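Below are the chains, spelled out letter by letter.
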Amino acid sequence: MIRTSYAKAPAEKPQAPKQQNTLPRGPLKVARWRFYCVMGVMGVLVLVLIGHVASLQVLPNADKGFEFLQVQGEARTLRNEIIPAYRGVITDRNGAPLAVSTPVATLWANPKVLLQSPQRFAELAQALDINKADMESRLTRYAGKEFMYLQRQMAPDAAQKIMDLDIPGVNLQTEYHRYYPAGEVVAHLVGMTDVDDRGQEGMEMAYDVWLSGENGTKQVLKDLKGRTVKELQLIKAARSGQNLTLSIDLRLQYLAHRELKKAVEDAGGIAGSLVILDVETGEVLAITNYPSYNPNDRGQAKGSAIRNRAITDVYEPGSTMKPLAVMAALESGKIKSTDVIDTNPGRFQVATKTITDDGFNYGVMDLPMVLAKSSNIAMSKIALQLDANTLTNMYSRLGIGHQTGTYFPGESSGRVPTLKIGQLIERCNVAFGYAMNLTVLQVVQAYSVIANGGIKRPISLTKIDAAPAGEKVIDKKYTDDVKTMLLRVVSAEGTGKRARTISYTVAGKTGTAFKSIAGHYTNKQISSFVGMAPVENPRIVAMVVIDEPQGVGTAANGGIVAAPAFSKVAEDALRMLQVPPDATLEQVEEVKAFAAKSAKQAADKAAKIKAQQDAAALPVIQQQEAMPIQ
């Protein structure tokens, strides 16, 4: 066997790495001129930057400097907002609220902002419960404006729900809404305000400056969406309006309104008025008209419904003037309280006119009976004994033909004619309440002179602290004579017997006058009763007027349709005023007996009418029952 041997090759020696010849570099050398150029440019940029910042923040007179920027910034974020003044409260004489202001919310929009979010229109219209197309149309019309009402005087919680939707351009502000707790009961006196809380009717209008106060101003910071971020400062504090206390007693006002409404409806009339006056002070304790309106619903406040008829409307009063004419005759000395007047034969010719007493011949009468029977013939004979203007001068002194001093908006003065010597028919007409125009409140004021012993006091619709001295316009002996005569009017033989009350003595006069329309007298009437109680020391004078009561002749006169309402109002009002009763037991029994008799007559009449209606309907029913069933 051949062995082969291999010799190991010698190992190669590792080669040492080649050493590179690297020397450390020195600092970069820049040309000196290049360095200074770069540093100069940087310095200039810094100076420019500092100068620009200074011009914006420090230098006041630089173009678009800090003052300009501040003004522009504030113009976009700072706003002056009105702080609405609280309108004064109107109360009755005892502090019961008649008109108060409650906070409400008003939504408004900035059309320029809102138009940028058309995708939110449907949501907003639905929340406001309005038509989307109508809202878009309004926004288009106001596109160039920055303010537009969306909805005014909303409930605050409802408005806040819409604000929570966070719709750009929609904003909220607080206003006040006038609320009238007594509604239609005091509407004609208190009146109402418009949507901007300015007085429009009644005492709200008459005392608007007194009640309004003065709005304030505050500065606020707002964000880009118009939301208030912060209230910065109070510029001017709001000054609330002053409160107004009226003369009326709300208890008596409710009473008067209820009884007037019943009287008008029972008589089938178209309207009515009722006034209660405090004899001692001249304050109006109640004044109401029917029909009325609810001032909380301005949709009802239209046309004649808003008129305070007792103050603004004039009419011919009829026989309620006769006691005043008698008083003028007594003062003249040509007629004495003991005189008698012969009215035979029931007709009296004056020039071309025949005067009658509605077909009655009352014969010879004393003055109390003249008023009790309301004789036109007797009053004409009295008037013809006097000078031409003796009656009209008396009326004028009593306040007729002049404003009463209430300063109520739209108050009428009325008219008392000036007569010539030869105007005999006109003189007779004036004696029994025609050929003149006056208001219900003027009649009440005239009768208050009788109740006051000849003293005329100005009428007040606001509460007064002390009774004014008044003006003496006639001697007390004449007013006492007439007051005694008026007692006969409400006696069993007078036209005003239904005006008597159970607890108090009453004196007064009925009135019935035909209405003149377009210069011609019609068969339509205005029926009334005016009286005072208690007679010995009167506390109140009250008047009830019913316009166009239904009925023929005496069925619709003042003694039938107006006197019962006066009786109820006078009785209850004097009790509320805590006036002690003065009626004798005999008077109480007499009035109760008369009331029972009247109630029985009314019931019998109603039963008779029903029987007639049933009898008229019976043949129809029988005919229907006899018809074969189809």
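Conventions and cut-offs
Residues numbered from 1 in each chain as written. Predicted model: local features only at pLDDT ≥ 70, side-chain atom pairs only at ≥ 80, totals over all residues. Heavy atoms only, no water. Helix = DSSP H or I, 4+ residues; strand = E, 2+ residues; numbered from the N terminus. Expected span 1.5 Å × (residues − 1). Buried < 20%, exposed > 50% of the residue type's maximum accessible area, 1.4 Å probe, protein only. Patch = residues over 30% accessible without salt bridge, like charges linked within 9 Å, V, L, I, M, F, W, Y side chains within 5 Å. Areas by Shrake-Rupley, 256 points an atom, 1.4 Å probe, with all protein chains shown as cover. Salt bridge = Lys/Arg side-chain N within 4 Å of Asp/Glu carboxyl O. Core = buried A, V, L, I, M, F, W, Y, C linked by side-chain atoms within 4.5 Å. Contact = heavy atoms within 4.5 Å. Pairing = 2+ DSSP bridges. Axes fitted to C-alpha atoms, helices over the stretch in contact; angles between N-to-C directions. Polar contact = N/O pair within 3.5 Å; in protein donor to acceptor, adjacent residues only side chain to side chain.

1. Here's the deal with helix 17 (residues 440–451)
Piece 1. The end-to-end C-alpha distance of helix 17 is 17 Å, a good match for the 16 Å that 12 residues give at a rise of 1.5 Å each.
Piece 2. Across the 12 residues that make up helix 17, a large majority, 12, are buried.
Piece 3. All of the buried residues in helix 17 are Val-440, Leu-441, Gln-442, Val-443, Val-444, Gln-445, Ala-446, Tyr-447, Ser-448, Val-449, Ile-450 and Ala-451.
Piece 4. Just downstream of helix 17, Gly-453 is the residue with a positive phi angle, here 70 degrees.

2. So, a nonpolar patch on the surface
Piece 1. Taken together, the side chains of Val-38, Val-41, Met-42 and Leu-45 make up a nonpolar region of the molecular surface, amounting to roughly 380 Å² of accessible area.
Piece 2. By secondary structure assignment, the location of Val-38 is in helix 1 (residues 32–57).
Piece 3. Since its relative accessible area comes to 48%, Val-38 is described here as partly exposed.

3. Remarks on the nonpolar core
Piece 1. Formed by 88 residues in total, the largest nonpolar core has its most connected members in Leu-246, Leu-324, Met-327, Leu-391, Tyr-395 and Tyr-447.
Piece 2. The biggest single contributor to this core is helix 17, with 9 residues.
Piece 3. In contact with Tyr-447, other than residues within four places in its own chain, are Thr-320, Pro-323, Leu-324, Leu-486, Lys-509, Val-530, Met-532 and Val-541.
Piece 4. By size, the runner-up hydrophobic cluster in this structure holds 33 residues, among which are Leu-255, Val-264, Tyr-504 and Val-579.

4. Observations regarding the sheet that holds strand 21 (residues 540–547)
Piece 1. The strand order across the open sheet built from 5 strands is 12-11-21-20-19, with neighbouring strands paired in antiparallel fashion. Across the chains shown, the open sheet's two edge strands, defined by having one partner strand only, are strand 12 (284–290) and strand 19 (507–517). For this sheet, the mean inter-axis angle between neighbouring strands, taken without regard to orientation, is 10 degrees.
Piece 2. Here helix 17 sits on the sheet in contact with strand 11 (271–278), strand 12, strand 19, strand 20 (520–533) and strand 21, set at roughly 150 degrees to strand 21.

5. Focus: the pairing of strand 15 (residues 353–356)
Piece 1. Where strand 14 (residues 347–350) meets strand 15, 4 bridges bridge the pair, whose relative direction is antiparallel. From the neighbouring strand, Phe-348 faces strand 15, where its bridge partner is Ile-355.
Piece 2. Between the end of strand 14 and the start of strand 15, which pair antiparallel, lie 2 residues, with Ala-351 showing a positive phi angle near 55 degrees.

6. Some remarks on the side chain of Arg-120
Piece 1. Here Arg-120 shows up in the loop between helix 3 (111–114) and helix 4 (121–128).
Piece 2. Here Arg-120 falls in the buried class, since its relative accessible area comes to 17%.
Piece 3. Within polar-contact distance, the side chain of Arg-120 engages the side chain of Glu-123 at 2.8 Å.

7. Let's talk about the environment of Ile-459
Piece 1. Following the sequence through the fold, Ile-459 ends up in the loop between strand 17 (455–456) and strand 18 (471–472).
Piece 2. Residue classification places Ile-459 among the buried positions, given a relative accessible area of 3%.
Piece 3. When the C-alpha positions of Ile-459 and Glu-283 are compared, they lie 5.9 Å apart, and in sequence the two are 176 residues distant.
Piece 4. With residues near it in sequence (within four places) discarded, Ile-459 still touches Leu-277, Gly-282, Val-284, Thr-404, Gly-405, Thr-406, Leu-441 and Gln-445.

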